[in-house]
Amino acid sequence: MIPVLPPKQKFPSTSWKKEFVENRRKALKRFLVIVCRHPVVANSEVVKYFLTFQGSDAHNKIKEYFKNIPDEFSTCDIAGRTKELVPADTQVQFGYSKEHIRLLTASVTKIKEILEHNMLRCMDYSSDMMQLGLELNKIGNDTTPLGVWATGKSTGWSVLQKGFKGLSLEFSSLGEKSLVQATQLDDMVVEQVNLFLDMLLAYKDLCERHEKGVLQDHQRVLQRMGQLKKKRMTATLKGISETDTVDQLESKILMVTSLTAAPR
């Protein structure tokens, strides 16, 4: 299952552009991972050409090179055995699968949001700890002369400064550890969940395209066949064999529709 390519977009601001480019870079990386893991597409000559291509204008070069070569739907061994692979209860299975994918997509989307919020909290915590360590370090390294009127005969301030220096190191360490945790959470957990979500959205998109495309196409064909049948039946000068031919074609289309139609 191949998801759609990450969209391109205009940038309203420079700061937002940087964030968008980074998010799209990650999405494109996930797209390539899915393509390279696909059992059929990964062995496609187009994919191999793209991954090994060196130079500029790859898009047009690929279109030119492969313009007369049929796609994987024509060359794949499975394409010729589609009827054998369609189960008798395909309508029921399609309905179950569609509902299952809907539930999974909703739950995984929530999980992704929770993980992203957790990652952002780690980033904020890291920033706060580092800033706290920086401020304590400034106080600990302050060399401003102090008069007797400010401290009297007490030497406590120098002791406090040493303590602030020590605390600044501890808080800086906490900030660095939190930053590492946030980076690992983003790279190792959030990205894997995003990869799974991309797959689910690809399946969900396939279900929608099946209902809006394939089924509607079948309905349009049935309408045209009905109109053709009506014309044949009203034509008094035509032979009965043409009507029989139309009936046979209509029966075949109805059979295909019954195999592919999803429950309403």
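Just so we're clear, the structure is a prediction, and the values are computed from it rather than from any experiment. (Residues numbered from 1 in each chain as written. Predicted model: local features only at pLDDT ≥ 70, side-chain atom pairs only at ≥ 80, totals over all residues. Heavy atoms only, no water.)

## Re the overall build of the protein chain
Filter applied, for reference: Going along the chain from the N terminus, every DSSP run of H or I of four or more residues is numbered as a helix, and every run of E of two or more is numbered as a strand. The rule is simple: take the accessible area with a 1.4 Å probe, protein chains only, and divide by the maximum for that residue type; under 20% is buried, over 50% is exposed, in between is partly exposed. Contacts were defined at the residue level, with two residues in contact if any of their heavy atoms lie within 4.5 Å. The method behind every accessible area is Shrake-Rupley, applied with a 1.4 Å probe, and residues are considered shielded solely by the protein chains displayed.
The number of helices and strands found in the protein chain is 9 helices and 0 strands. Counting the 264 residues in the protein chain, one finds 22% classified as buried. Residue pairs in contact within the protein chain that sit at least 24 positions apart in sequence constitute 72% of those at least 6 positions apart. Surface summary for the protein chain: the accessible area is close to 19,500 Å², and the carbon and sulfur share equals 60%.

## Observations concerning the side chain of Ser 178
Position of Ser 178 among the secondary structure elements: in helix H8 (residues 156-234). Exposure remark for Ser 178: the relative accessible area of 5% places this residue in the buried category.

## Brief notes about the pattern of salt bridges
Where we set the bar: What counts as a salt bridge is simple: a side-chain nitrogen of Lys or Arg found within 4 Å of a carboxyl oxygen of Asp or Glu.
Per the stated rule, a full pass over the model turns up 7 salt bridges. Between Asp 186 and Lys 26 there is a salt bridge whose closest N-O contact spans 2.7 Å. Here Asp 186 is found in helix H8, whereas its partner Lys 26 is found in helix H1 (residues 14-37), with 160 residues between them in sequence. The class of Asp 186 is buried, set by a relative accessible area of 13%.

## Remarks on the packing of helix H2 (residues 45-52) against helix H3 (residues 58-65)
Packed helices, taken two at a time, are described by the angle their axes make and the gap between the axes. Worth spelling out the cut-off: Between N-to-C directions, angles cover 0 to 180 degrees, with each direction set by a line fitted to C-alpha atoms, over the stretch in contact for helices. Each helix crossing is assigned a hand: it is left-handed if the near helix lies turned anticlockwise from the far helix by less than a right angle, otherwise right-handed if that turn is clockwise.
Two elements in contact, H2 and H3, have axes whose closest approach is 11 Å; the angle formed by their N-to-C orientations is 145°. For the pair H2 and H3, the sense of crossing is right-handed. Across from Val 46, Tyr 49 and Phe 50 in H2, the residues of H3 making contact are Lys 61, Ile 62 and Tyr 65.

## Brief notes about the side chain of Asp 198
Just so we agree on the cut-off: We call two N or O atoms a polar contact when they sit within 3.5 Å, provided that within protein one can donate a hydrogen and the other can accept it, with sequence-adjacent residues counted only if both atoms are side-chain atoms.
Structurally, Asp 198 is set in helix H8. Classification of Asp 198 by relative accessible area gives buried; the value is 17%. A distance of 2.7 Å separates a polar atom in the side chain of Asp 198 from a polar atom in the side chain of Arg 30. In contact with Asp 198, other than residues within four places in its own chain, are Pro 3, Arg 30 and Ile 34.

## Notes on a nonpolar patch on the surface
As a reminder of what qualifies: Only residues whose relative accessible area exceeds 30% and that take part in no salt bridge are eligible for patches, with like-charged residues grouped when within 9 Å of each other and nonpolar side chains (Val, Leu, Ile, Met, Phe, Trp, Tyr) grouped when within 5 Å.
Where nonpolar side chains cluster on the molecular surface, the patch consists of Ile 139, Leu 146, Trp 157 and Leu 160 and spans about 340 Å² of accessible area. Mapped onto the elements, Trp 157 comes out in helix H8. By relative accessible area, Trp 157 is classed as partly exposed at 32%.

## Some words on the nonpolar core
If you look at soluble globular proteins, the nonpolar side chains tend to sit buried side by side. The cut-off we apply is this: Only buried Ala, Val, Leu, Ile, Met, Phe, Trp, Tyr and Cys residues count toward a nonpolar core, and they belong to the same one when joined by side-chain atoms within 4.5 Å.
With 10 residues, the main nonpolar core is built from Val 108, Leu 115, Met 119, Cys 122, Ala 182, Leu 185, Val 190, Val 193, Leu 197 and Leu 200. Of all elements in the fold, only helix H6 (90-140) and H8 reach the threshold of two or more residues within this core. Per-element tally for this core: the top contributor is H8, with 6 residues. Those residues in contact with Val 108 that sit more than four places away from it in its chain are Val 193, Phe 196, Leu 197 and Leu 200.

## Considerations on the packing of aromatic side chains
Selection rule: Working definition: rings of Phe, Tyr and Trp (its six-membered ring) pair if their centres are within 6.5 Å, and the pair is stacked with planes under 30 degrees apart, edge-to-face with planes over 60 apart, and tilted otherwise.
If you walk through the whole model with that rule in mind, you get 3 aromatic pairs. Pairing Trp 157 with Phe 164 gives two aromatic rings, centres 6.3 Å apart and planes at 65°, and the pair type is edge-to-face. In textbook terms, an aromatic cluster arises when at least three aromatic residues are bridged by ring pairs, as seen for Tyr 49, Phe 53 and Tyr 65.

## Quick notes on the environment of Ile 34
Counting through the fold element by element, Ile 34 comes out in helix H1. Overall, Ile 34 belongs to the buried group, its relative accessible area being 6%. Separated by 33 residues in sequence, Ile 34 and Met 1 place their C-alpha atoms 7.9 Å apart.

## Focus on the environment of Ile 114
Topologically, Ile 114 is positioned in helix H6. Sequence separation of Ile 114 and Val 190 is 76 residues, and the distance between their C-alpha atoms is 9.6 Å.

Geometry only, nothing functional implied.
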